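Single-letter residue listing:
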Amino acid sequence: MRRKDLLELDTLGVTDEIWELAYADREEIRKTEQCWYGDHYIQYKIHSYFRAGVLNGILKIRIYRGEDLRNSNEEPAYILFLSAKEHKYATYLPQEGKWSSAKLQNISMGAYDFTKRYENTFWISEKDRDLVMRYLDSQNRTIAGAINDWQTTAIHRKEIQEIDRVMDRVSQSPADFGQWVQEEVFWRKQYLFYNAKKREAYCTACRKLIKTRIKSVHNQRIYCPACGRAVTGKSWNEQKEIYDYGRAALIQQIPGGYMIRSFHCRKVHKQENGWQERLSLSEDSRQLRDKDMRNIRDYDYTNFKQSGKIRWCKSHYINHNSRAVVYHRNLAALRRGIPSLRDVPLEKILAQSPGCPVYLEHLLRPQKVTGYLANAGLTRLAMDYMDSYRYIKRNGKDAEEVLGINSDRIGRLRQMNGGVRILGWLQYEQQSGKKLRQDLLIRMDMAGIYREDLREILKYGITPERALNYLEKQKNQEKALIEWKDYLEMAEKERLNLQDDIVRFPRDLKARHDELTELANTRKEQERLKGYRKLDKKIRSRIREAARYYWQDKEYMIVPAAKCEELMREGRTLHHCVGASNLYMNRMAAGESWILFLRKKEDPEKPYYTIEIEMETDRIRQWYSEYDRQPDREKIEKVLKRFKKSLKPQNMQKTRVRISA
């Protein structure tokens, strides 16, 4: 495409239809919300008009601006030349006499005028549109989209062809892949929808409608009476829709290596004629690996070069931390050709832990100990080890050194096919010499409690079983575990008797935790107050000045603060910053502003609103309630207006001035 030859191609003038449309497109003044550029804008129907034709095998498109045509200027703003034979394009700007390599989406259609708006950016006749679409071989719905797609492909043709050659090597997903996703990716996200009135329930795991007397288990983990699966109870009428998400990975052999395909999985449960579920999969990333499972390149299904065209693209980084539930039904055949995986029964490990996501890098390049664990019958532990590398000494000389437990405990671990949590508790048993029953180990595992979770609790002479029994009685076990640790630590600092069960196992954990927290905060405040003695003295010297701010009506009262301690208590109760530092205390001591407390007369001791008022002008700087919010804002504004009206100006001091003769 020689530019000189392009300009000699036959011209495409403005048609009568375009002239008619442009002149009929008159401005309409419309109102808009107040903005920095004004409260009116001018509305037009069309910004620019296209003329298209194929000349000497080259597609030529002239773009005329409507504004130019209305000013009797029929010279185009841009002329596009596209050659399908050479896979090249060029853009000419006649009004400026310049050439450009910019795509249609990037060329400037003139400085954008915020006072003008258009219903459509481009107009083209049906005849010209069909010509352009046939030439570009495009199925795009818009003419601009078709041109931009073609230009993007022309610029990056080599890269696109390279990517497509790789993607063409990928075969279709296995026929049972969708069913496997439904069964295993969402294995741990199954529900029992129960109707207490009809005494029936529907289990999403076994897909059975069963008779049951289950009541009040909404959002609780229970077991399905029919299949025995652990599920989440859901009231039939309390929740209309449930959305679950997960990630699945499919490993496929391709010529010259392997492709790891990653899918975003979405499952929706809707209450439509009974609970119905819908599954959707979208593949969003791929990893190309060589014959030894070494990563070559990552690909993403995304916006190609910010062109608006969604397709497979080269990723800018290699993701070694991706986790997913891996399709295992083809792994036995795949791993025979990979030396590092030949002795690791991955399919056996994954089948024993349905629904469990794993780091793909750990799975595809496993350590030797992973295969050892799986072949020793410890498939669950092998799965956990790939996820966390916890509790196992991979360079140990024998099984006992690798696992940190003796042969008897290894036998118990194998019998339960225990994972890393049970291994940790068996290690605790061996180190402490305190026997733990099998059922207790299983309960610890099901509760998701690791040995280090209870380390701070066990040091107070509490046994693992008693700790678990206590935690199981709490509504939120995870939150209770954190609060319990904090409570015991604070109780120790307060020198409470931690050999007493009443102290160690409080009936109301949260209440006792909050009491000790309040006590600790009070002690800290007392230490702070020692440094505020001088400030308190200065504040007391100005109390007479602030006394005029005392006010009340039938419902509310306003009381001026009198000392630093009151500000600290107010800030702590309402969770705002008035007492967090000495900022407002210094302002009061200097007579700059004063802190006032707005109270409801029915409960005068309970903090409600905190007010800061300027002492010289009586201007209210700020007024906030709990967490810096303003509940009942309109009502309180009226209260503050009445308060302001009641304030009398400060007495003017009379000063005698001697006037010289």
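A brief report on the enclosed structure follows. Small disclaimer: the values here were computed from a predicted structure and weren't measured.

## Considerations on the sheet that holds strand S18 (residues 323-326)
Strand order across the open sheet formed by seven strands is S17-S16-S15-S14-S13-S18-S19, with mixed pairing between neighbours. Two strands bound the open sheet, and with one partner strand each, they are strand S17 (310-314) and strand S19 (358-359). By the bridge criterion, five bridges tie strand S16 (residues 295-303) to S17 in an arrangement that is antiparallel. Across the sheet, residue Tyr-299 finds its bridge partner in S17, namely Lys-314. Where helix H6 (residues 157-167) meets the sheet, it contacts strand S14 (257-271), strand S15 (275-289), S16 and S17, and its direction lies at approximately 95° from that of S17.

## Describing the environment of Leu-436
Take Leu-436: it is sitting in the loop between helix H15 (420-432) and helix H16 (438-447). Relative accessible area serves as the criterion here: at 5%, Leu-436 is assigned to the buried category. Spatially, the C-alpha atom of Leu-436 lies 8.1 Å from that of Trp-425, the residues being eleven residues apart in sequence.

## Description of the pairing of strand S10 (residues 208-211)
The pairing of strand S9 (residues 200-203) with S10 spans four bridges and is classified as antiparallel. Across the sheet, Tyr-202 pairs through a bridge with Leu-209, a residue of S10. The antiparallel pairing of S9 with S10 creates a hairpin that spans four residues between the two strands, and Arg-207 there sits at a positive phi of about 55°.

## Quick notes on unusual backbone geometry
Glycine aside, residues mostly have negative phi angles, and peptide bonds mostly take the trans form. Backbone geometry at Asn-417 places phi at a positive 50°, although glycine is not the residue there. Among the residues examined, Asn-417 registers a relative accessible area of 19% and is labelled buried. Phi angles above zero are rare outside glycine, and Tyr-627 is one such case at about 55°. Assignment of secondary structure puts Tyr-627 in the loop between strand S24 (620-624) and helix H26 (633-646).

## Observations regarding the packing of aromatic side chains
Throughout the structure, instances matching the rule amount to 20 aromatic pairs. Their ring planes at 55° and their centres at 6.0 Å tell us that Tyr-49 and Trp-123 sit as a pair that is tilted. On the criterion of sequence distance, the pair formed by Tyr-49 in strand S2 (residues 38-55) and Trp-123 in strand S7 (residues 116-123) is long-range, its members being 74 residues apart. Across this residue pair, the class does not change: Tyr-49 and Trp-123 are buried. For the pair Trp-484 and Phe-505, a centre-to-centre distance of 5.8 Å together with 45° between the ring planes defines the contact as tilted. You can see Trp-484 sitting in helix H19 (residues 477-493) and its partner Phe-505 sitting in the loop between helix H20 (501-504) and helix H21 (509-530), a full 21 residues away along the chain. Taken together, the ring pairs connect Phe-177, Trp-180, Phe-263 and Tyr-327 into an aromatic cluster.

## Some remarks on H6
Listing the buried residues of H6 in full gives Glu-159, Ile-160, Ile-163, Val-166 and Met-167. Buried residues of H6, seen end-on, are gathered within an arc of 125° and therefore sit on one face of the element. For H6, the exposed residues set more than 90 degrees away from the buried face come down to Lys-158 and Arg-165. Residues of H6 that are buried make contact with helix H5 (143-155), S14, S15, S16 and S17.

The rules behind the values
Residues numbered from 1 in each chain as written. Predicted model: local features only at pLDDT ≥ 70, side-chain atom pairs only at ≥ 80, totals over all residues. Heavy atoms only, no water. Pairing = 2+ DSSP bridges. Helix = DSSP H or I, 4+ residues; strand = E, 2+ residues; numbered from the N terminus. Contact = heavy atoms within 4.5 Å. Axes fitted to C-alpha atoms, helices over the stretch in contact; angles between N-to-C directions. Buried < 20%, exposed > 50% of the residue type's maximum accessible area, 1.4 Å probe, protein only. Phe/Tyr/Trp six-rings, centres within 6.5 Å; stacked < 30°, edge-to-face > 60°. Arc of directions from axis to C-beta.

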